[in-house]
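Take a look at the letters that make up each chain.
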Amino acid sequence: PYGLSRYLELSKNKNLPRMMSVQNPYSLVNRTYEIGMSEISIREKCGLLVYYPLAAGALSGKYRNGKMPKNSRLTLFKGWERMINPLAMKAYDEYYSLAKEYNMTMVQLAQAFVNSRPFVTSNIIGATTLDQLKENNIVYDYLGFTSPETKIDMKETLPYNFILSVGDMPTDLP
């Protein structure tokens, strides 16, 4: 938060170009942006350009039940193990159940959540196939889905909201 605030202050005071957006990861399982940065984004009109809204594909459900699809990010590249740690897998199962309850796919649930946040101004969906692109486009049917009253909001997703960003989390959480 300090860096963004400082840059905005300097650009104003020195008549420099103003930053218009910040590009950070944000998803159902990585909500660290909400700590400090979201308020600055809203108050200063410097929105979030989201990347990894599907947690590198994990929120699509493709890694559930021990699956490891050929040519997926986790099979092609090293360093993505945090996306499939035991607590993350538990969260994906919970989100799968929630998506089914609302007759949505996990992708639609995850994208609807991200797109409904007031500080998000753009979302890099990262579709690599036409089918993925179609599924992501259907998300706009669900933009009104998330609200403070629904199960997907913050209170109901704890302790899962920060599982991919805090490091070694305990795996015995409820």
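Residues numbered from 1 in each chain as written. Predicted model: local features only at pLDDT ≥ 70, side-chain atom pairs only at ≥ 80, totals over all residues. Heavy atoms only, no water.

Participant: Explain the sheet that holds strand E3 (residues 120-123) to me, please; I cannot follow it from the model alone.
Facilitator: What holds strands together in a sheet is hydrogen bonding between their backbones, with the strands either parallel or antiparallel. Spatially, 3 strands are ordered E1-E2-E3 in an open sheet, and the strand pairing comes out parallel. Every other strand in the sheet has two partners, leaving strand E1 (21-25) and E3 as the edge strands with one partner each. With strand direction ignored, the average angle separating the axes of adjacent strands in the sheet is 30 degrees. Summarising the sheet, strand E2 (residues 47-51) and E3 pair through 3 bridges and their orientation is parallel. Bridge assignment links leucine 48 to a residue of E3, and that residue is valine 120. (Pairing = 2+ DSSP bridges. Helix = DSSP H or I, 4+ residues; strand = E, 2+ residues; numbered from the N terminus. Axes fitted to C-alpha atoms, helices over the stretch in contact; angles between N-to-C directions.)

Participant: How should the environment of valine 107 be read in this particular structure?
Facilitator: Positionally, valine 107 belongs in helix H5 (residues 106-116). A relative accessible area of 4% means that valine 107 is categorised as buried. Spatially, the C-alpha atom of valine 107 lies 8.9 Å from that of glutamine 132, the residues being 25 residues apart in sequence. (Buried < 20%, exposed > 50% of the residue type's maximum accessible area, 1.4 Å probe, protein only.)

Participant: What should I look at first to understand the packing of helix H1 (residues 2-13) against helix H2 (residues 37-44) in this one?
Facilitator: Working note: a packed helix pair is described by the angle between its axes plus the distance between those axes. Packing of H1 against H2 leaves a shortest axis separation of 9 Å and a crossing angle of 25 degrees. Our classification of the angle between H1 and H2 gives roughly parallel. Contact with H1, carried on its side by Leu4, Ser5 and Leu8, involves Met37, Ile40 and Glu44 of H2 and no other residues of that element. Classifying every residue of the contact of H1 with H2 gives 4 nonpolar, 1 polar and 1 charged. (Parallel < 35°, antiparallel > 145°, perpendicular 65-115°, else oblique. Contact = heavy atoms within 4.5 Å. Nonpolar A, V, L, I, M, F, W, Y, C, P; charged D, E, K, R; others polar.)

Participant: So what exactly am I meant to see when it comes to H1 here?
Facilitator: Along an α-helix, residues three or four apart share an orientation, since each turn contains 3.6 residues. Here H1 is 12 residues long and its end C-alpha atoms lie 16 Å apart, about the 16 Å a rise of 1.5 Å per residue gives. Residues of H1 that are buried include every one of Leu4, Leu8 and Ser11, and no others. Buried residues of H1 fall within an arc of 65 degrees about the axis and therefore sit on the same side. Opposite the buried face of H1, at more than 90 degrees from it, the exposed residues are Tyr2 and Asn13. The secondary structure elements touched by the buried residues of H1 are E1 and H2. Remark: asparagine 15 follows H1 within two positions and exhibits a positive phi of approximately 55 degrees. (Expected span 1.5 Å × (residues − 1). Arc of directions from axis to C-beta.)

Participant: Would you mind going over the layout of surface pockets with me for this structure?
Facilitator: A water-sized probe, rolled over the atoms, reveals where empty space remains. The volume enclosed by the largest pocket comes to roughly 450 Å³. Taken together, 20 residues make up the lining of the largest pocket; nearest its centre are Gly57, Lys62, Arg73, Gly126 and Gln132. It is helix H6 (residues 130-138) that provides the largest number of residues to the lining of the largest pocket, a total of 3 residues. Here the residues of the lining of the largest pocket sort into 10 nonpolar, 7 polar and 3 charged. (1 Å grid on protein atoms, 1.4 Å probe; cavity = no way out; pocket = protein on both sides within 12 Å on 5 of 7 lines; lining within 4 Å. Points joined across faces, edges and corners; volume = space filled by probe spheres on them.)

Participant: Help me understand the packing of aromatic side chains in this model?
Facilitator: Across all of its chains, the model carries 4 aromatic pairs by this definition. On the basis of an interplanar angle of 65 degrees and a centroid distance of 5.0 Å, the ring pair of tyrosine 51 and tyrosine 52 is categorised as edge-to-face. Taken together, Tyr26, Tyr33, Phe113 and Phe119 form an aromatic cluster joined through their ring pairs. Just above the ring of tyrosine 96 sits the side chain of arginine 64; from NZ or CZ to the centre is 3.8 Å. (Phe/Tyr/Trp six-rings, centres within 6.5 Å; stacked < 30°, edge-to-face > 60°. Lys NZ or Arg CZ within 6 Å of the ring centre and 35° of its normal.)

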